[in-house]
Amino acid sequence: LYRCYEAESFKTKRCYGLQIKFVDMVIETENLSYKDILTNVSVGIKRGEYAAIIGPNGGGKSTFIKLILGLLKPTGGVIKIFGREQAAFADKQKIGYVPQGVSRVDENFPISVEEVVRLGLPQKGGIFGALSKITSEERDLTLSSMQKMGVLELKNRRISDLSGGQRQRVMIARALAAKPQILILDEPNTGVDTGSQKSFYELLAKLNKEEGITVLFVTHDLGVIADEVTKVMCVNKTVSSCHNPHEAMSCADMSRLYGI
């Protein structure tokens, strides 16, 4: 049975005469550690989940994200992406990433919204790729990504002329241009006005439900995560997972997490 699991971990298979259905995990960590910041982190994110990471500043939330993305190398433990150990996972475009503070841009940089989104196209990385000629298929993908994030009408505007909330949507459209199966966002609402946050989370939930994209994001907005997300991961040097966000937000758990 174990050999069947290793060969086809994402599907229902008939192994040695038995029909077995395995849970489709897109991100798995086992005893993951990084220096003295994270210790013995073992979690799993299933395909199609809408998961939030919460915890105090300095607790290791961003470090955990960077380890998953391969931007940091673990000092211990294992990370698997789509069932493969991270070192063997080569299809990087399956993961879209929106880093912290991405809505802050150089006010003097003359690049349009459409050109920013083109930066996310496979094989179009870098500013010269964004400005080069693209195929009709790439053009359609660019426009479709902007349409999903509600910024299509801004395509000819300079990115520096937009509000923080509008820039945030453009940067997510850039991530969507690669047609990712996982979207990871690190405190996406940093620098965004409160009025834009509700509609932003509604867009994330729509991407999760209608596009089938697995969403993992870091947030401090506890009120939002109770309404929509399917899993909360509480990070403070280690990770405790809870399938029910309302249970994760009990007074006792919050006291243990934040130390107050």
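What counts and what doesn't
Residues numbered from 1 in each chain as written. Predicted model: local features only at pLDDT ≥ 70, side-chain atom pairs only at ≥ 80, totals over all residues. Heavy atoms only, no water. Core = buried A, V, L, I, M, F, W, Y, C linked by side-chain atoms within 4.5 Å. Buried < 20%, exposed > 50% of the residue type's maximum accessible area, 1.4 Å probe, protein only. Salt bridge = Lys/Arg side-chain N within 4 Å of Asp/Glu carboxyl O. Helix = DSSP H or I, 4+ residues; strand = E, 2+ residues; numbered from the N terminus. Phe/Tyr/Trp six-rings, centres within 6.5 Å; stacked < 30°, edge-to-face > 60°. Lys NZ or Arg CZ within 6 Å of the ring centre and 35° of its normal. Contact = heavy atoms within 4.5 Å. Pairing = 2+ DSSP bridges.

Looking at the nonpolar core
No. 1: Ile172, Leu183, Leu185, Leu204 and Phe217 are the most contacted members of the largest nonpolar core, which totals 38 residues.
No. 2: With 27 residues, the next largest nonpolar core counts Ile79, Ile81, Ile182 and Val235 among its residues.

Concerning the pattern of salt bridges
No. 1: If you walk through the whole model with that rule in mind, you get six salt bridges.
No. 2: A salt bridge links Glu114 to Arg118; its shortest N-O distance comes to 3.3 Å. You can see Glu114 and its partner Arg118 sitting in helix H3 (residues 113-118), four residues apart, about one turn around the helix. Neither residue differs from the other here; Glu114 and Arg118 are each classed as buried.
No. 3: Three or more residues are tied together by salt bridges with common partners; here these are Glu114, Arg118 and Arg139.

Re the packing of aromatic side chains
No. 1: Counting across every chain of the model gives four aromatic pairs.
No. 2: Taking 5.6 Å as the distance between ring centres and 50 degrees as the angle between the ring planes, the aromatic pair formed by Tyr201 and Phe217 counts as tilted. Of this pair, Tyr201 sits in helix H7 (residues 194-210) while Phe217 is found in strand S10 (residues 214-218), placing the two residues 16 residues apart along the sequence.
No. 3: Phe217 sits in the buried class, given a relative accessible area of 0%.
No. 4: An aromatic cluster is defined as three or more aromatic residues linked by ring pairs; in this entry it consists of Tyr50, Phe200, Tyr201 and Phe217.
No. 5: The ring of Phe82 is capped by Lys94, whose NZ or CZ atom sits 4.9 Å from the centre of that ring.

A closer look at the environment of Val235
No. 1: As for its position among the elements, Val235 is in strand S11 (residues 231-235).
No. 2: In this structure, Val235 is in contact with Leu38, Ile53, Ile54, Gly55, Pro56, Gly59, Gly60, Lys61 and Leu257, ignoring residues within four places of it in sequence.

A word on the pairing of strand S9 (residues 182-186)
If a strand is regular, its side chains alternate between the two faces of the sheet.
No. 1: A large share of S9 lies buried, amounting to five of its five residues.
No. 2: Burial along S9 is two-sided: Ile182, Ile184 and Asp186 facing one way and Leu183 and Leu185 facing the other are all buried.
No. 3: Pairing geometry for strand S8 (residues 95-98) and S9, over four bridges, is parallel. Paired with Tyr97 across the strands is Ile184, a residue of S9.

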